[in-house]
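Here is how the chains run, residue by residue.
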Amino acid sequence: MDGAAHTGERLRDVPVKVSAEYQGIPGDIARGRELARRFLARVRAAQGTPVSDRAVEVVQLVVSELLTNACKYAPGPSLVDLELAEDRVEVTVWDSAPTLPVPETADPARIGRHGLEIVMAVCESFEVHREPVGKRMRAAVGLTDPAPLAHPA
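Keep in mind that what you see is a predicted model, and the values were worked out from it rather than measured.

Comments concerning helix H3 (residues 53-73)
- The terminal C-alpha atoms of H3, which comprises 21 residues, lie 30 Å apart, in line with the 30 Å expected from a rise of 1.5 Å per residue.
- Of all the positions in H3, only Ala55, Val56, Val58, Val59, Gln60, Val62, Val63, Ser64, Glu65, Leu66, Leu67 and Ala70 are classed as buried.

Laid out in structure tokens, this is it:
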């Protein structure tokens, strides 16, 4: 990105993306959340893009949940990509497990295993694709707060 600034391109025209690899060791989830926080701080500062506090929290939550699943259920490394795409952030997590996650039916008595339900509830979109090795999960989070619902008079 530094090279683009020197060539005269506007910073807003340069794709903003960050990637990190995790090994499924203690602290990876916290490191993933910090990656998301720093990325969005950079988007705010360098891009001049409005990012709501809610969006920062939601992106950190989505990274945390998807990376937790990767660390818990997939052997080996996982990859996290965060990319600015117009008015949203796309969170992509790759892991080596070929089994596609399936959301369970809502059960308030169930302890744990609500991560996918949470991700699907807070994101604009969520998709999973099987890869030649493992799978890739992608979630889109809006950068601004959703418009409040109109209340009838």
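Digging into the confidence of the model for the chain
- Averaged over all residues, the pLDDT of the chain is 86; the fraction at 70 or higher stands at 86%.
- Scored below 50 in pLDDT, residues 1-11 makes ten contacts in the model with residues more than four places away or belonging to other chains.

Details of the sheet that holds strand E1 (residues 17-22)
- Ordered by their spatial adjacency, five strands build an open sheet running E1-E2-E3-E5-E4, and the pairing between neighbours is antiparallel. The open sheet terminates on both sides in strands that have one partner only, identified here as E1 and strand E4 (125-130). Taking the axes of each pair of neighbouring strands and ignoring which way they run, one obtains an average angle of 15 degrees across the sheet.
- The sheet contact formed by strand E2 (residues 78-85) and strand E3 (residues 88-95) spans eight bridges and is antiparallel. Pairing of Leu82 across the sheet is with Val91, part of E3.
- On the sheet, H3 packs against E1, E2, E3, E4 and strand E5 (135-142) and is oriented at approximately 10 degrees with respect to E3.

Observations concerning the packing of helix H2 (residues 28-47) against H3
- Put simply, H2 and H3 touch, their axes get as near as 8 Å, and they point 150 degrees apart. In this view, H2 runs roughly antiparallel relative to H3, as classed from their interaxial angle. The two elements H2 and H3 meet at a crossing, and its hand is right-handed. When H2 is examined against H3, the residues Asp28, Ile29, Gly32, Arg33, Ala36, Arg37, Leu40 and Arg44 are found in contact with a partner set consisting of Asp53, Ala55, Val56, Val59, Gln60, Leu61, Val63, Ser64, Leu67, Thr68 and Cys71.
- Taken together, the residues of the contact of H2 with H3 break down into ten nonpolar, four polar and five charged.

What counts and what doesn't
- Residues numbered from 1 in each chain as written.
- Predicted model: local features only at pLDDT ≥ 70, side-chain atom pairs only at ≥ 80, totals over all residues.
- Heavy atoms only, no water.
- Helix = DSSP H or I, 4+ residues; strand = E, 2+ residues; numbered from the N terminus.
- Expected span 1.5 Å × (residues − 1).
- Buried < 20%, exposed > 50% of the residue type's maximum accessible area, 1.4 Å probe, protein only.
- pLDDT = per-residue confidence, 0-100.
- Contact = heavy atoms within 4.5 Å.
- Pairing = 2+ DSSP bridges.
- Axes fitted to C-alpha atoms, helices over the stretch in contact; angles between N-to-C directions.
- Parallel < 35°, antiparallel > 145°, perpendicular 65-115°, else oblique.
- Left-handed = near helix turned anticlockwise from the far one by under 90°.
- Nonpolar A, V, L, I, M, F, W, Y, C, P; charged D, E, K, R; others polar.

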